[in-house]
Amino acid sequence: MTAPLRATTPEPVPGSRYGTAEDFDIEKYWSGVAAFLGGTANVIMQLSLTPVAYGVLESNVDSGKVTLHPWKRLRTTLTYLAVALMGTEEERAAYREAVDTSHRSIRSSAESPVKYNAFDPKLQLWVAACLYWGIVDLEERLHGPLDAASADAFYQYAARLGTTLQMRRELWPADRAAFDEYWTTNLATKTIDARTRDYFNGLIDLKMVAPPLRLFAPVQRFVVAGLLPPHLRAEMGMRWTPRQDRALNLLLRAIGTVHGRLPQRLRLFPMNFYLWDLRRRRRLGKPLV
């Protein structure tokens, strides 16, 4: 029998509000609302690595395409985050196997402009790094920064954003300083070509959902522009002013203030819902992705 992901035996890191990397209390730290606020910006960050972008653009797995099945894609993406950060080792393994089935055919062909393979651990490292950076960025904007010990513990804990797939643990930079060096160096090399930019603009403008929901596209464009690192914002051709930056920070602080007063179950929604849904699907023998 596999043990739960969060252990209870290690002593807390001195000064940490959330425990060690082994038993980091993700349910107290993480905000479910962050997944909605930061999702599209994070996709742009992930796909700014060209092989990742073309793995998505050229994928032959139609059932996983956000342009064809936006609500299913939302479910599988948020379920991945939920199980990676809140699931047991057994649940992570089950979801890894399900995702592997979809990823097996995602590899470049002779006609592809770049070489890619969905099982490439270095590509998965970049995706995991974007997820980690995005979570920390939004949580700090919503609720303020962690103390240093808690930030160190969460950083080590967050390696499972990659190890829930094929990223080897040793690929995760050793500490936050090493991650900052990795992030700064790699982010500076990212470019967004015209085809990928068109794809991103379709996501931002909600072209994949029913017309009434597209009314929210201007708000999404504002949030996405504000959450993107400046380098990628420039690659997208987006303008951003100090006034807009102040407005977004005020909005996020207001959301964080209200959100922080909610009961924990509501603060975790919808991530706790998607973890519950994963467990329900496993019990009923339904597909996980």
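Rules behind the numbers
Residues numbered from 1 in each chain as written. Predicted model: local features only at pLDDT ≥ 70, side-chain atom pairs only at ≥ 80, totals over all residues. Heavy atoms only, no water. Core = buried A, V, L, I, M, F, W, Y, C linked by side-chain atoms within 4.5 Å. Buried < 20%, exposed > 50% of the residue type's maximum accessible area, 1.4 Å probe, protein only. Helix = DSSP H or I, 4+ residues; strand = E, 2+ residues; numbered from the N terminus. Contact = heavy atoms within 4.5 Å. Salt bridge = Lys/Arg side-chain N within 4 Å of Asp/Glu carboxyl O. Expected span 1.5 Å × (residues − 1). Polar contact = N/O pair within 3.5 Å; in protein donor to acceptor, adjacent residues only side chain to side chain. 1 Å grid on protein atoms, 1.4 Å probe; cavity = no way out; pocket = protein on both sides within 12 Å on 5 of 7 lines; lining within 4 Å. Points joined across faces, edges and corners; volume = space filled by probe spheres on them.

K.L.:
Lay out the nonpolar core in plain terms, naming residues and giving numbers.
P.N.:
In this structure, Ile26, Tyr29, Tyr132, Phe154, Leu161, Trp172 and Leu228 are the most contacted members of the largest nonpolar core, which totals 84 residues. Here this core takes 12 residues from helix α6 (residues 121–143), the largest share from any one element. The residues touching Trp172, leaving out its near neighbours within four places in the chain, are Leu125, Ala128, Ala129, Tyr132, Tyr155, Ala158, Ala159, Met167 and Phe179.

K.L.:
With reference to specific residues and values, describe the pattern of salt bridges.
P.N.:
For the structure on display, the rule yields 10 salt bridges. Residues Asp277 and Arg281 are paired through a salt bridge, measuring 2.9 Å at the closest nitrogen-oxygen approach. Of this pair, Asp277 and Arg281 are both found in helix α15 (residues 271–284), 4 residues apart, which corresponds to roughly one turn of the helix. There is no split in this pair, since Asp277 and Arg281 are both buried. Connected through shared salt-bridge partners, Asp277, Arg280 and Arg281 make up one network.

K.L.:
Can you break down α6 residue by residue, with the values?
P.N.:
With 23 residues, α6 should reach 33 Å at 1.5 Å per residue; the first-to-last C-alpha distance of 32 Å fits that figure. The buried count for α6 comes to 17 of 23 residues, which makes it a mostly enclosed element. The distance from a side-chain oxygen at the start of α6 to the backbone nitrogen of Lys122 is 2.9 Å, and the residue carrying that oxygen is Asp120. A positive phi of about 90 degrees marks Gly144, the residue just after α6.

K.L.:
Which residues make up the layout of surface pockets, and what values do they have?
P.N.:
Taken as a whole, the second largest pocket spans an internal volume of roughly 250 Å³. Lining of the second largest pocket is provided by 16 residues; of these, Tyr132, Val136, Glu140, Ala151 and Arg176 occupy positions nearest its centre. Those elements that place two or more of their residues in the lining of the second largest pocket are α6, α7 (148–157) and α9 (176–187).

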